[in-house]
Amino acid sequence: MELFSLKNRTALVTGACGLIGKKHCEALAEAGANVVLLDVNEKQCREQAAALGAGHMGIEVDVTRPESLIAARDKIVAHYRKIDILVNNAAINDMFENPLLAGKQSMFEHYPLEMWDRSWQVNVTGVFLCSQIFGTPMSEQGSGSIINIASTYGIVGPDQSIYIKTKTGSITFTNPRLIRQQKEPSSTLPVFWLLIGVIKE
Ligand SMILES: NC(=O)c1ccc[n+]([C@@H]2O[C@H](COP(=O)([O-])OP(=O)(O)OC[C@H]3O[C@@H](n4cnc5c(N)ncnc54)[C@H](O)[C@@H]3O)[C@@H](O)[C@H]2O)c1
């Protein structure tokens, strides 16, 4: 007897080529879903989709650019006819190009504005845009689930990192009444968050 199956479900994972994104994709594929891997590198997305087996797809997207997400959504709906699951996993952590400057730049007093803006764009605006753009077909079809990948750092931040503040943003974004079903506006789509501790390769 099959206790759990995602057969014939279309599952989207943003940041699919990263450390944890890969694992989400493997788990969804193992459960029978058709997985769509969304990340910034087209070649990597396609190769990882092929490595999962038949029925999966890799598409290059930038979660901060609506036109890129709309193009991906249209391609996915044309191919699979529906979207059932969205895992909002893409995020960036505070990283500094020059390790010699990292100590100083990561201090709150010196934190670069561009890095602050980029972190909010990817980690919070990206969640908003993906939920809106991929959530629309779910709302139309009256079913679907959104899972936001949160972090324990979003609740108990050990330092002044901006990453922590953005992950708090993605948690507060997880609102069960976020997306209404178009045919039945009193019903909403489920939005969950998955809280993850520190994971390293
Ligand atoms: N690794 C951890 O210890 C840990 C702990 C708690 C929560 N998390 C959360 O898990 C998720 C994945 O983290 P990870 O450790 O796998 O990170 P990672 O850096 O390995 O992967 C992130 C992925 O997001 C992609 N990405 C970045 N900007 C993008 C954009 N604009 N558009 C599309 N894709 C983009 C990157 O290319 C990368 O593949 C994140 O939401 C993170 O906050 C991670």
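Details of the structure are given in the entry above.
Please read these numbers as outputs of a predicted model, since none were measured by experiment. (Residues numbered from 1 in each chain as written. Predicted model: local features only at pLDDT ≥ 70, side-chain atom pairs only at ≥ 80, totals over all residues.)

As for the overall build of the protein
Broken down by element type, the protein carries 6 helices and 6 strands. Put simply, the protein runs from its N terminus to its C terminus through helices and strands in the order β-α-β-α-β-α-β-α-α-β-α-β. For the protein, the C-alpha radius of gyration of 17 Å lies close to 17 Å, the compact-globule estimate for 201 residues. When its C-alpha atoms are laid out on the principal axes, the protein stretches across 55 × 40 × 35 Å. Out of the 201 residues belonging to the protein, those deemed buried represent 36%. Restricting to contacts in the protein with at least 6 residues of sequence separation, those with at least 24 account for 64%. (Helix = DSSP H or I, 4+ residues; strand = E, 2+ residues; numbered from the N terminus. Rg over C-alpha atoms; globule rule 2.2 N^0.38 Å. Buried ≥ 20, exposed ≤ 12 C-beta atoms within 10 Å, placed from the backbone. Contact = placed C-beta atoms within 7 Å.)

As for the pairing of strand 5 (residues 145-151)
Burial analysis of strand 5 places 5 of its 7 residues in the buried class, which makes it a mostly covered element. With 4 bridges joining them, strand 4 (residues 85-88) and strand 5 adopt parallel strand pairing. Within strand 5, the position partnered with L86 by the bridge is I146. Two elements, strand 5 and strand 6 (residues 191-196), share 6 bridges in a ladder whose sense is parallel. Residue pairing in the sheet places N148 in a bridge with W193 of strand 6. (Pairing = 2+ DSSP bridges.)

Brief notes about the site of the ligand
By nearness alone, 25 residues border the ligand, and G15, G18, I20, A91 and S151 come closest of all. Of all the elements in the fold, those that place two or more residues in the shell around the ligand are helix 1 (19-30), helix 5 (113-141) and strand 5. Broken down by element, the shell around the ligand gets its largest block of residues, 3 residues, from helix 1. (Near = placed C-beta within 6 Å.)

Remarks on the packing of helix 5 against helix 6 (residues 162-172)
Contact geometry of helix 5 with helix 6 gives a least axis separation of 9 Å together with a crossing angle of 20°. Comparing the axis directions of helix 5 and helix 6 gives the class roughly parallel. Regarding helix 5 and helix 6, the two cross each other, and that crossing is right-handed. Side by side, helix 5 and helix 6 meet where M115, W116, S119, W120, N123, V124 and V127 of the first sit next to I162, Y163, T166, K167, G169 and S170 of the second. In the contact of helix 5 with helix 6, the residues fall into 7 nonpolar, 5 polar and 1 charged. (Axes fitted to C-alpha atoms, helices over the stretch in contact; angles between N-to-C directions. Parallel < 35°, antiparallel > 145°, perpendicular 65-115°, else oblique. Left-handed = near helix turned anticlockwise from the far one by under 90°. Nonpolar A, V, L, I, M, F, W, Y, C, P; charged D, E, K, R; others polar.)

Side note on the pairing of strand 3 (residues 57-60)
Direction of pairing for strand 2 (residues 34-39) relative to strand 3: parallel, over a ladder of 4 bridges. Opposite L38, over in strand 3, you have I59 as the bridge partner. Between the parallel pair strand 2 and strand 3, the chain is carried across by helix 2 (residues 42-52), and the sense of this crossover is right-handed. (Right-handed = clockwise from strand over helix to strand, strands pointing away.)

A few points about helix 3 (residues 66-80)
Taking 1.5 Å as the rise per residue, helix 3 with 15 residues should run 21 Å; its terminal C-alpha atoms sit 21 Å apart, in good agreement. Three or more residues of helix 3 are buried, namely L69, A72, R73 and I76. Projection of helix 3 onto a plane perpendicular to its axis shows the buried side chains occupying an angular sector of 105°, all on one side. Away from its buried face, by an angle of more than 90 degrees, helix 3 presents the exposed residues E67, D74 and A78. Here the buried face of helix 3 lies against strand 1 (10-14), strand 2, strand 3 and helix 5. R81 occupies a position one or two residues after helix 3 and carries a positive phi of about 75°. (Expected span 1.5 Å × (residues − 1). Arc of directions from axis to C-beta.)

Interpretation note: all reported values are geometric properties and have no functional meaning in isolation.
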